[in-house]
Amino acid sequence: MVLLLQPGLLSAEDFDAWLQAFKPYARELGISEQTLEQAFVDAKPIERVVELDQSQPEFIQTFTTYLQRRVTPKQISRGQQLQSEQGALLQAVQARYGIPAQVLLAFWSLETNYGQTRGNFLVPHALATLAYEGRRQAFFQSQLVDALRIIDQGHIAASDMLGSWAGALGHMQFMPSTFLAYAVDGDGDGKIDVWNSTADAMHSAGHYLQAMGWQGSKPMMVEVVLPENFAWQDTGLGNRRSVSAWMQAGVSLAMPDALPASFLAGNDQAAVVLPQGWQGPAFMVFDNFNIIMKWNRSTLYALSVAHLASRLAGGPALQGGQLAEQEAVSIEAIKRLQQQLTSLGFDTEGHDGLPGPKTQAAIRAYQLAHGLHADAYASPSLIQEVARAAALAQEQTELIPGFPGTMP
C-alpha cells in the first residue's frame, strides 16, 4: 500500500528503509553498483520537493496570472535577441526536424527562462523523495530508474545531475524517460549534454517534437471571439470540428488576418478552449497545440507556449478576456466544490482538489441543469453558487419529517 505523506512528516528512517528496498530492484534492472553508490550519497527526503509537487501553478493560478508571468516584454525581447544570436543553430534544427525557431524559443523560455533556471535539486534524491512520498509512486520510481540509467551510460556524473524538483533535466527540462528516448548529440562531440550544450538541448527538443507529430509551420492556436448565443457546452479539447464548421457556428478571429482564408475554409480540425471561463479569452486550437500538450498536459502551459511563439514572430497581444474573474481558486476550494457537486448528484469521482476532466464534466452538467453558461470552469462565482445550492439542499434534508437528527 502506498503511504501518502505531507511535508514535515517525511521520515529519514523510513526513507532509508525505502531506499534499501529500492536498490535490489534497480540492480535487477541492470543499474550498476557504482551508480547506486554515487547517486545516493547522503540522500535524505527533501521536504521542499513535496511542497512544490503539491502547489503547482498550473492548478492554483488563473490563466491571466499564469500568462502575464511568463509572456512578458522582457521574455519577448530576450527571445527575439536569442533568435538572432542562435540563428544558425535554430535554422539547422528547423531544417532537420521542421520545428520553427519561435516554437523552440518559447519552450526554452517557459522551461528554464532561456537556460537561466535549470534547477538545483540533485535529481536522484528528488526523484527518490517523490517515489517514497507515494502520490505518484510508480511514475517517479520509473523516472528514478531512468535517471540512474543516464548516469550509468556516462552522460553525466551523479553528483552533477541537477534538475527541477520533479527530476526534469537541462535547458528544456526533459524527464529522464524522455531523455533516453529522444535526446541527441546536436553538436557532434560524441556526448549528449542537455545541461551545458545548447545545441544538444535544441536538437533534442526538435527531435522530440518531430517524433510526437509536429506539423511544420501550421498554427498552434489563434484567439477567437464567440457569439452571444454560442453553445458553451461545445467548448473543450474533447470537441473537435473542422475550422470551417466553427466559422459557420459564428466563431470569428479576434484579429482578422491571423489565419489565411484558405485555412479558415478548410477541414483542419480544431477545438475551442476557455481557460478562464466564458468571460475570459477564447482560443481555437489545432493539431500542433495537441503536440504541446504531449510535452506538458497543462492547457495553461500550452497556451502560453503558443502565445509566446506568436509574440516572438511579431504577433499581437491578446485582445479579449478583460471581464474574466481574476480571483485565484485554492486547491482546498476545489476539494469543497467536488464534495458539494457530488452531494448534489453531479459526481466528480473523487475530491483531490484538481479541476480535471471528471470535475469539469460535473461542473458542466451542473451548469446545464441550472441554466448557466456551460463553460466547465471552476470560477469563484460558480464555487459560491454550488456552495449555496449545497447548503440549501442540506437544510431541506434536515427538515424532512423523521430524518435522523430532526425534531419530531
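For clarity, every value in this text was computed on a predicted model and none was experimentally measured.

### Notes on the environment of Leu-90
Consideration 1: Mapped onto the elements, Leu-90 comes out in helix H7 (residues 87–97).
Consideration 2: For Leu-90, a relative accessible area of 2% gives the class buried.
Consideration 3: Separated by 57 residues in the primary sequence, Leu-90 and Ala-147 place their C-alpha atoms 28 Å from one another.
Consideration 4: For Leu-90, the residues in contact, after removing those within four places along its chain, are Leu-82, Gln-83, Ala-101, Leu-104, Leu-105 and Met-202.

### Focus on the packing of helix H6 (residues 73–85) against helix H16 (residues 299–312)
Consideration 1: Two elements in contact, H6 and H16, have axes separated by 9 Å at closest approach and are oriented at 60°. At the point where H6 passes H16, the crossing takes the right-handed sense. Across the interface between the two elements, Gln-75, Ile-76, Gly-79, Gln-80 and Gln-83 from H6 touch Leu-308, Arg-311 and Leu-312 from H16.

### Topic: the sheet that holds strand E3 (residues 221–225)
Consideration 1: Sheet architecture is open: 5 strands sit in the order E4-E6-E7-E3-E5, paired in antiparallel fashion. Of all strands in the sheet, those with a lone pairing partner are strand E4 (241–242) and strand E5 (252–253), marking the two edges.
Consideration 2: Two elements, E4 and strand E6 (residues 269–273), share 2 bridges in a ladder whose sense is antiparallel. Note on E6: the bridge partner recorded for Ser-242 is Gln-269.

### With respect to the pattern of salt bridges
Consideration 1: Scanning all chains against the criterion turns up 11 salt bridges.
Consideration 2: The closest approach of N and O atoms between Glu-33 and Arg-27, which form a salt bridge, is 2.6 Å.
Consideration 3: Residue classification places Arg-27 among the partly exposed positions, given a relative accessible area of 37%.
Consideration 4: A salt bridge links Arg-241 to Asp-234; its shortest N-O distance comes to 2.9 Å.
Consideration 5: You can call Arg-241 partly exposed: its relative accessible area is 27%.

### Comments concerning the packing of aromatic side chains
Consideration 1: Summed over all chains, the structure comprises 20 aromatic pairs.
Consideration 2: Ring pairing ties together the aromatic residues Phe-15, Trp-18, Phe-22, Tyr-25, Phe-40 and Tyr-132, which thus form one cluster.
Consideration 3: Its end group placed over the ring of Tyr-66, Arg-70 keeps NZ or CZ at 3.7 Å from the ring centre.
Consideration 4: Lying across the ring of Trp-246, Arg-241 places its NZ or CZ 4.7 Å from the centre.

### Concerning the layout of surface pockets
Consideration 1: Empty space within the second largest pocket amounts to approximately 590 Å³.
Consideration 2: Taken together, 27 residues line the second largest pocket, and the ones lying closest to its centre are Pro-219, Met-221, Ala-258, Ala-306 and Ser-310.
Consideration 3: The set of elements that each furnish at least two residues to the lining of the second largest pocket consists of helix H8 (101–112), E3 and H16.
Consideration 4: In terms of residue count, the dominant contributor to the lining of the second largest pocket is H16 (4 residues).
Consideration 5: When its residues are assigned to classes, the lining of the second largest pocket shows 17 nonpolar, 7 polar and 3 charged.

Rules used in this analysis
- Residues numbered from 1 in each chain as written.
- Predicted model: local features only at pLDDT ≥ 70, side-chain atom pairs only at ≥ 80, totals over all residues.
- Heavy atoms only, no water.
- Helix = DSSP H or I, 4+ residues; strand = E, 2+ residues; numbered from the N terminus.
- Buried < 20%, exposed > 50% of the residue type's maximum accessible area, 1.4 Å probe, protein only.
- Contact = heavy atoms within 4.5 Å.
- Axes fitted to C-alpha atoms, helices over the stretch in contact; angles between N-to-C directions.
- Left-handed = near helix turned anticlockwise from the far one by under 90°.
- Pairing = 2+ DSSP bridges.
- Salt bridge = Lys/Arg side-chain N within 4 Å of Asp/Glu carboxyl O.
- Phe/Tyr/Trp six-rings, centres within 6.5 Å; stacked < 30°, edge-to-face > 60°.
- Lys NZ or Arg CZ within 6 Å of the ring centre and 35° of its normal.
- 1 Å grid on protein atoms, 1.4 Å probe; cavity = no way out; pocket = protein on both sides within 12 Å on 5 of 7 lines; lining within 4 Å.
- Points joined across faces, edges and corners; volume = space filled by probe spheres on them.
- Nonpolar A, V, L, I, M, F, W, Y, C, P; charged D, E, K, R; others polar.

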